Amino acid sequence: MRFQEFARAHGGTRFPWASELGREPDRPPEVANGSPSLCSDISPLLKDPAAFRTLIDLLEDHLRASFPQIDFIAGLDSRGFLIGPSLAQRLGIGFVLIRKKGKLPGPTESVSYALEYGKAELEIQSDAVEPGQKVVIVDDLLATGGTMWAACELMKRLRAEVLECLVIIELKLLKGSEKLRSIPFYSLLQYD
Amino acid sequence: LCSDISPLLKDPAAFRTLIDLLEDHLRASFPQIDFIAGLDSRGFLIGPSLAQRLGIGFVLIRKKGKLPGPTESVSYALEYGKAELEIQSDAVEPGQKVVIVDDLLATGGTMWAACELMKRLRAEVLECLVIIELKLLKGSEKLRSIPFYSLLQYD
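Residue positions are given per chain, counting from 1 as you read along its sequence in written order. Each chain gets a letter, beginning with A, and each ligand a number, beginning with 1, in the order they are written. Restriction of local features to residues with pLDDT of at least 70 applies here, the model being predicted, together with a cutoff of 80 or more for giving and counting side-chain atom pairs; totals for whole chains, interfaces and linings are based on all residues. Derived side-chain values reflect all non-hydrogen atoms in the structure, with water molecules and hydrogen atoms excluded from consideration.

Enquirer: Teacher, can you tell me more about helix α4 (residues 109-120) of chain B here?
Expert: Turn by turn, an α-helix covers 3.6 residues, leaving residues three or four places apart pointing in a common direction. Residues and elements named next belong to chain B. Taking 1.5 Å of rise per residue, 12 residues should cover 16 Å, and α4 covers 17 Å from first to last C-alpha, within 8% of that figure. Taken together, the buried positions of α4 are occupied by G109, M111, A113, A114, C115, E116, L117 and M118. R122, located one to two residues past α4, shows a positive phi value of around 60°. Elements are defined by DSSP. Helices are runs of H or I of four residues or more, strands are runs of E of two residues or more, and each kind is numbered from the N terminus. Expected helix span is given by 1.5 Å per residue-to-residue step, counting one fewer step than there are residues. Burial classification: accessible surface area is computed with a 1.4 Å probe over protein chains only, and a residue below 20% of its type maximum counts as buried, one above 50% as exposed, and the rest as partly exposed.

Enquirer: Please clarify how the interface of chain A and chain B should be interpreted in this entry.
Expert: The figure often quoted for interface size is the accessible area lost as the parts come together. Residues count as neighbours in contact if any of their non-hydrogen atoms are within 4.5 Å of one another. The interface of chain A with chain B comprises 36 residues on the first partner and 34 residues on the second. Accessible area that two parts lose when put together, evaluated with a 1.4 Å probe and summed over both, is termed the buried area. In this assembly, chain A packs against chain B so that about 2700 Å² is buried in total across both faces, 56% of it on carbon and sulfur atoms. N or O atoms closer than or at 3.5 Å make up a polar contact, with two conditions inside protein: a donor-capable atom paired with an acceptor-capable one, and, for residues adjacent in sequence, both atoms drawn from side chains. Viewed at the interface, chain B and chain A are joined by 20 residue pairs in polar contact (both at pLDDT 80 or more). Contributing elements (two or more residues each) for the side of chain A that touches chain B: α2 (43-47), α3 (49-66), α4 (80-91) and β2 (94-100) of chain A. Top contributing element to the side of chain A that touches chain B by residue count: β2 of chain A, with 6 residues. Partitioned by chemical class, the residues of the side of chain A that touches chain B number 17 nonpolar, 9 polar and 10 charged. Gly is put with the polar residues, along with every residue not named as nonpolar or charged; the nonpolar set is Ala, Val, Leu, Ile, Met, Phe, Trp, Tyr, Cys and Pro, and the charged set is Asp, Glu, Lys and Arg.

Enquirer: How should the UniProt feature "domain: Phosphoribosyltransferase" (unreviewed entry) in chain B be read in this particular structure?
Expert: The positions UniProt marks with the feature "domain: Phosphoribosyltransferase" (unreviewed entry) are residues 8-133 of chain B. Counted over residues 8-133 of chain B, helix gives 36% and strand 36%. Its end C-alpha atoms are 16 Å apart. UniProt positions are given in the numbering used here, feature names are shortened, and annotations may be inferred rather than shown by experiment.

Enquirer: Got a minute to help me understand the sheet that holds β2 of chain A in this structure?
Expert: Sheets are built from strands paired through backbone hydrogen bonds, the pairs being either parallel or antiparallel. Residue and element names in this part refer to chain A. At least two DSSP bridges between two strands are needed for those strands to be called paired. Strand order in this open sheet of 7 strands is β3-β4-β2-β1-β5-β6-β7, and the pairing throughout is mixed. Two strands in the sheet have a free side with no partner beyond their single neighbour: β3 (108-114) and β7 (185-191). The sheet shows a mean angle of 20° between the axes of neighbouring strands, taken without regard to direction. Relative to strand β4 (residues 119-125), β3 is paired through 7 bridges, and the arrangement is antiparallel. What sits directly across from A114, in β4, is K119. Angles shown run from 0 to 180 degrees and are taken between the N-to-C directions of axes, each axis being a line fitted to C-alpha atoms and, for helices, limited to the stretch in contact. Strands β1 (72-76), β5 (134-142), β6 (161-171) and β7 of the sheet are contacted by α3, whose axis makes an angle of about 145° with β6. Strands in contact with α4 are β1, β2, β5 and β6; relative to β2, the strand with the most contacts, it is inclined by about 165°.

Enquirer: I'm lost on the environment of K64 of chain B in this one. Help?
Expert: Residue and element names in this part refer to chain B. Residue placement: K64 occurs in the loop between β2 (57-63) and β3 (71-77). Residue K64 is classed as partly exposed on the basis of its relative accessible area of 43%. In this structure the C-alpha to C-alpha distance between K64 and A51, which are 13 residues apart in sequence, comes to 24 Å. Beyond its immediate sequence surroundings of up to four residues, K64 is in contact with S73, E84 and E86. In terms of polar contacts, K64 uses its side chain to reach the side chain of S73, at 3.5 Å.

Enquirer: Just to check I follow, could you spell out the packing of aromatic side chains for this structure?
Expert: Within a pair of aromatic rings, the relevant descriptors are the distance that separates the centres and the angle that separates the planes. Aromatic pairs are defined between Phe, Tyr and Trp rings, using the six-membered ring for Trp, whenever the two ring centres lie within 6.5 Å; interplanar angles under 30 degrees are classed as stacked, those over 60 as edge-to-face, and all others as tilted. The tally for this structure, following the rule as stated, stands at 2 aromatic pairs over all chains. Measuring from ring centre to ring centre gives 6.1 Å for F81 of chain A and F95 of chain A, while their planes differ by 85°; the resulting arrangement is edge-to-face. Of the two residues, F81 of chain A is situated in helix α4 and F95 of chain A in strand β2; the sequence distance between them amounts to 14 residues. When its relative accessible area of 1% is taken as the criterion, F95 of chain A is described as buried. Between F44 of chain B and F58 of chain B, the ring centres sit 6.1 Å apart and the planes meet at 85°, which makes this aromatic pair edge-to-face. Within this pair, whereas F44 of chain B is found in helix α3 (residues 43-54), its partner F58 of chain B is found in strand β2, the two being separated by 14 residues in sequence. Classification of F58 of chain B by relative accessible area gives buried; the value is 1%. A cation over a ring is seen here: K179 of chain A above W149 of chain A, with NZ or CZ 5.3 Å from the ring centre. Two limits define a charge over a ring: the Lys NZ or Arg CZ must be within 6 Å of the ring centre, and within 35 degrees of the ring normal.

Enquirer: Help me out: how do you make sense of helix α5 (residues 146-157) of chain A in this one?
Expert: Residue and element names in this part refer to chain A. The end-to-end C-alpha distance of α5 is 17 Å, a good match for the 16 Å that 12 residues give at a rise of 1.5 Å each. Residues of α5 that are buried include every one of G146, M148, A150, A151, C152, E153, L154 and M155, and no others. R159 sits one or two positions beyond α5 and adopts a positive phi of about 55°.

Enquirer: Looking at this structure, how should I read a positive patch on the surface?
Expert: Only residues above 30% relative accessible area that lack a salt bridge enter a patch, with like-charged residues linked at up to 9 Å and the nonpolar side chains Val, Leu, Ile, Met, Phe, Trp and Tyr linked at up to 5 Å. A 1.4 Å probe and the Shrake-Rupley method give the accessible areas. Residues count as covered only by the protein chains that appear here. Just to be clear on terms, a salt bridge is a Lys or Arg side-chain nitrogen sitting within 4 Å of an Asp or Glu carboxyl oxygen. Charge assignment: positive for Lys and Arg, negative for Asp and Glu; neither His nor the chain ends contribute. Lysine's charge is taken at NZ, arginine's at CZ, aspartate's at CG and glutamate's at CD. A cluster of basic side chains, namely K100 and K103 of chain A together with K63 and K66 of chain B, defines a positive patch on the protein surface. If you trace the backbone, K66 of chain B turns up in the loop between β2 and β3. On the basis of relative accessibility, which here comes to 34%, the residue K66 of chain B falls in the partly exposed class.

Enquirer: Got a minute to help me understand the nonpolar core in this structure?
Expert: Within soluble globular proteins, side chains that are nonpolar tend to cluster in buried spots. By nonpolar core is meant a set of buried Ala, Val, Leu, Ile, Met, Phe, Trp, Tyr and Cys residues that side-chain atoms within 4.5 Å join together. Counting residues in hydrophobic clusters, the biggest one holds 59 residues, and the most contacted among them are L63, I73 and L87 of chain A together with L26, I36 and L50 of chain B. Among the elements that take part in this core, α3 of chain A stands out by supplying 7 residues, more than any other. Other than its neighbours up to four places away in sequence, L26 of chain B contacts I33, I36, L50, L54, V99, E127 and L129 of chain B.

Enquirer: Can you walk me through the sheet that holds β3 of chain B in this structure?
Expert: Residue and element names in this part refer to chain B. Spatial ordering of the open sheet is given by β3-β4-β2-β1-β5-β6-β7, a layout of 7 strands whose pairing is mixed. Single-partner strands in this sheet number two, and they are β3 and β7 (148-154). Taken pair by pair, the neighbouring strands of this sheet meet at an average axis angle of 20°, ignoring direction. Taken together, the 8 bridges between strand β5 (residues 97-105) and strand β6 (residues 124-134) define a ladder with parallel strand orientation. In the sheet register, V98 faces β6, and the bridge partner there is V125.

As structure tokens, then:
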């Protein structure tokens, strides 16, 4: 079953965007200041075990069809942590963490990136991946693409190969996938 | 580094074993659990997988300001200053049975705040569950009467 159909069937009032799939919404989601929006809230997907299983099924199927070998799933702090380990388990591979600066122990690499107001830094442990290893980076949402871009830069520093950046929801209006340029990108759901 | 669970996530067999052990413990301890609740951020690493094994859902407990919609929040003390945890008001219903998970129990401040949030929603905390307990910091005493379980204890 396609995820859109499943989301529509299980949508209700907590999944407002699910019923708007493929149509222009009345109002674009609020993403200024990184303030949370109900439109892109994946809590209902986590709360319903059948919905979560379907989500992981769809992501697993996509990755198995796209890449014969993946060494690790890398997930972005914090909501990438919700889906990354389950997805890695399905593929029989490990999961590595990409975190906000100062959270990881031991030697790390870090990259700065711009926020709407100010900047932030992402970090990875220096021994998380080895040069040449193949990684898929996951997060729940692609907005401006700043965080995902920084995650790709971290992988470059470790000389790992980013096979793809993968998200559940893409906010197309913010053109995040353009920021990622030549790196393959995949989203399950697109919201204008 | 002593309490860094990254190696457990990086090795798929180790992670599977971790979830096996937590699943076995919960199945043996509680005939019914409605949700696993996980603490931002490292509880997010284990909670959804554990919930899936048990065939139940996962709810998020986050730092203040991260969750959309109506929320409940609780303040708790940090070593320097204070912090706030939040849950969505409709995450759990009164009387529902929840196991709260995180990777580590240190002073117990965060876990205590998570239990308080569940009290606000009138949910029942069956147990607070962590991978690693730092016994020297006596966090389990802070939780008082709430059942607590850790896979590994360090002095």
